[in-house]
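# Understanding the architecture of this molecule
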Amino acid sequence: MTSDFSPKNIIVTGGCGFIGSNFVHYVVDNHPETHVTVLDALTYAGNIENIAGLPEDRVEFVHGDICDADLLDRIVPGHDAIVHYAAESHNDNSIADPEPFLRTNVEGTYRLLEATRRYGIRYHHISTDEVYGDLALDDPARFTESTPYRPSSPYSSTKAASDLLVRAWTRTYGLRTTISNCSNNYGPYQHVEKFIPRQITNILTGVRPKLYGEGLNVRDWIHTEDHSSAVWTVLTRGRIGETYLIGADGERNNLTVLRMILGMMGRDPDDFDHVRDRPGHDRRYAIDATKLRTELGWMPAHTDFESGLRQTIDWYMENRAWWEPVKAKTEARYKAQGQ
Ligand code: NAD
Ligand code: DAU
């Protein structure tokens with residue numbers, strides 16, 4: 001039995017990051033009955049511009065840290081749900097310096113769960129398919145909700161830890177929670193440290209794209225708007241205490257995606273550099289979203305990856321002022337790592 005929940009006043013943590021801000025836009029555009037409070041610390045990955053121009057009577061911004069329990073006591077009362085996106089999200093950064101990942105992803109989730117417990121509201125936890133580790137390239141298997149946890153990187157291990165906290169708090173304290181684990185997102189507002197925007201903006205700034213290793217690693221791409229509609233579906237109709245995997249059957253290897261970008265931007269297919277591989281690099285992610293599709297009736301809208309990628313390239317071409325201020329610093333960090 002699915003449950004129906006009509007949130008009127010939600011907190012979206014990390015609502016100035018890539019996926020969180022796309023979710024805020026999605027709620028504003030599709031659910032006029034719901035007010036959003038964005039709680040975001042504006043780390044290097046957060047940008048207030050991502051939610052600029054949204055109506056003030058629909059979206060309120062609170063600048064703050066999810067680890068700040070006093071702040072949570074001030075803002076949580078009056079809300080009926082927390083949708084928790086805030087995280088340190090980049091694998092390469094977690095390999096260079098894991099500490100902020102422990103703090104934000106583990107302690108931050110703990111603080112939010114405790115606030116959820118104090119005020120008896122709903123909690124939806126945004127997580128990743130990386131908690132399941134990786135699959136072999138020649139294995140037809142895909143991740144399901146019952147795949148054992150086997151994270152590989154400091155980032156994914158902190159996300160796995162946060163999922164386990166949610167499950168323990170749900171069972172022990174009777175919290176009303178749901179969890180979703182999604183595959184790789186693409187679309188507007190993604191930081192230029194991530195694979196697709198890094199290659200697009202490299203080409204736009206005259207830098208050769210950088211492919212880790214041979215580029216045979218497979219990611220299961222989903223448009224971020226489809227992630228948003230799936231999260232809304234789980235939040236409003238998902239069963240309490242359940243986990244739902246989110247994916248849109250978008251498996252492609254990195255070399256294929258890079259060659260698509262090069263082709264769409266009028267470059268030669270070999271106009272890129274192979275660089276040092278990521279230590280412990282997960283080979284393949286693949287999501288089986290049968291539970292979400294059959295139990296809750298969710299369907300992705302962006303099923304044509306080529307057209308979604310083209311729109312994403314256009315967005316970075318049209319929004320240079322959004323990414324140019326952080327591009328040189330991001331590339332300098334990669335260069336220092338040999339990537
Ligand atoms: P992002 O790095 O683009 O954004 C993270 C946001 O969280 C930023 O706005 C940042 O300022 C904020 N933040 C960081 N630490 C904070 C703190 N201590 N207090 C308050 N705010 C803080 O991340 P993203 O790619 O949008 O990912 C969002 C969520 O989705 C994460 O939980 C991530 O694990 C999950 N996820 C991401 C993907 C993907 O493909 N990017 C896929 C599946 C799941
Ligand atoms: O699967 C969901 C995860 O997807 C999320 O949990 C993470 O928050 C998100 O960052 C993403 O993780 P990945 O490590 O898969 O994404 P990234 O964009 O860093 O890399 C995608 C693939 O591209 C990966 O195989 C590494 C490769 N890569 C990455 C960069 C930045 C390159 O070949 N070259 C690059 O320059």
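Look up: the structure comes first, before these words.
Below you will find a few notes about this structure. No experiment lies behind these values; they were computed from the predicted model shown.

## Quick look at the overall build of the chain
A tally of helices and strands in the chain yields 11 helices and 13 strands. For 339 residues, the compact-globule formula gives about 20 Å, and the C-alpha radius of gyration of the chain, at 19 Å, lands near that figure. If you line up the chain on its principal axes, its C-alpha atoms span 55 × 45 × 35 Å. The proportion of buried residues among the 339 residues of the chain is 56%. Counting 36 positive and 48 negative side-chain charges, the chain places the centres of these two groups 3 Å from one another.

## A word on the site of ligand 1
Near ligand 1, the surroundings consist of 28 residues, among which Ile19, Asp40, Ser89, Tyr155 and Lys159 are the closest. Between ligand 1 and the protein, one listed contact pairs an oxygen atom with a backbone N or O atom of Thr43 at 3.0 Å. In isolation ligand 1 has 840 Å² of accessible area, and contact with the protein removes 96% of it. Contributing elements (two or more residues each) for the shell around ligand 1: helix H1 (18-30), strand E5 (122-128) and helix H5 (154-173). Top contributing element to the shell around ligand 1 by residue count: E5, with 3 residues. A breakdown of the residues in the shell around ligand 1 according to their chemical character gives 13 nonpolar, 12 polar and 3 charged.

## A word on the packing of helix H6 (residues 195-204) against helix H8 (residues 254-264)
Packing of H6 against H8 brings their axes to within 10 Å, and their N-to-C directions diverge by 35°. Classified by chirality, the crossing of H8 by H6 is right-handed. Across the interface between the two elements, Phe195, Ile196, Gln199, Ile200 and Ile203 of H6 pack against Asn254, Val257, Leu258, Ile261 and Leu262 of H8. Grouping the constituent residues of the contact of H6 with H8 by class yields 8 nonpolar, 2 polar and no charged.

## Describing the site of ligand 2
If you check the shell around ligand 2, you find 25 residues, and the closest are Asp129, Tyr155, Arg198, Arg278 and His281. Separating an oxygen atom of ligand 2 from a side-chain N or O atom of Gln199 is a distance of 3.2 Å. In isolation ligand 2 has 690 Å² of accessible area, and contact with the protein removes 94% of it. Among the elements of the structure, H6 and strand E8 (210-212) are those that each provide at least two residues to the shell around ligand 2. Taken together, the residues of the shell around ligand 2 break down into 7 nonpolar, 10 polar and 8 charged.

## Here's the deal with the pairing of strand E1 (residues 9-13)
Within E1, 4 of the 5 residues are buried, which leaves the element mostly enclosed by the surrounding structure. Where E1 lies against strand E2 (residues 35-40), 5 bridges are found, and the strand directions are parallel. Its bridge partner being in E2, Ile11 is matched across the sheet by Thr37. As for the winding sense of the linkage, the β-α-β connection from E1 through H1 to E2 is right-handed. Here 4 bridges tie E1 to strand E4 (residues 81-84), and the two strands are oriented parallel to one another. Bridging across to E4, Thr13 finds its partner in His84.

Reading guide: rules and limits
- Residues numbered from 1 in each chain as written.
- Chains lettered and ligands numbered in written order.
- Predicted model: local features only at pLDDT ≥ 70, side-chain atom pairs only at ≥ 80, totals over all residues.
- Heavy atoms only, no water.
- Helix = DSSP H or I, 4+ residues; strand = E, 2+ residues; numbered from the N terminus.
- Rg over C-alpha atoms; globule rule 2.2 N^0.38 Å.
- Buried < 20%, exposed > 50% of the residue type's maximum accessible area, 1.4 Å probe, protein only.
- Lys, Arg positive; Asp, Glu negative; His and termini not counted.
- Charge placed at Lys NZ, Arg CZ, Asp CG, Glu CD.
- Near = heavy atom within 4 Å.
- Polar contact = N/O pair within 3.5 Å; in protein donor to acceptor, adjacent residues only side chain to side chain.
- Areas by Shrake-Rupley, 256 points an atom, 1.4 Å probe, with all protein chains shown as cover.
- Nonpolar A, V, L, I, M, F, W, Y, C, P; charged D, E, K, R; others polar.
- Axes fitted to C-alpha atoms, helices over the stretch in contact; angles between N-to-C directions.
- Left-handed = near helix turned anticlockwise from the far one by under 90°.
- Contact = heavy atoms within 4.5 Å.
- Pairing = 2+ DSSP bridges.
- Right-handed = clockwise from strand over helix to strand, strands pointing away.

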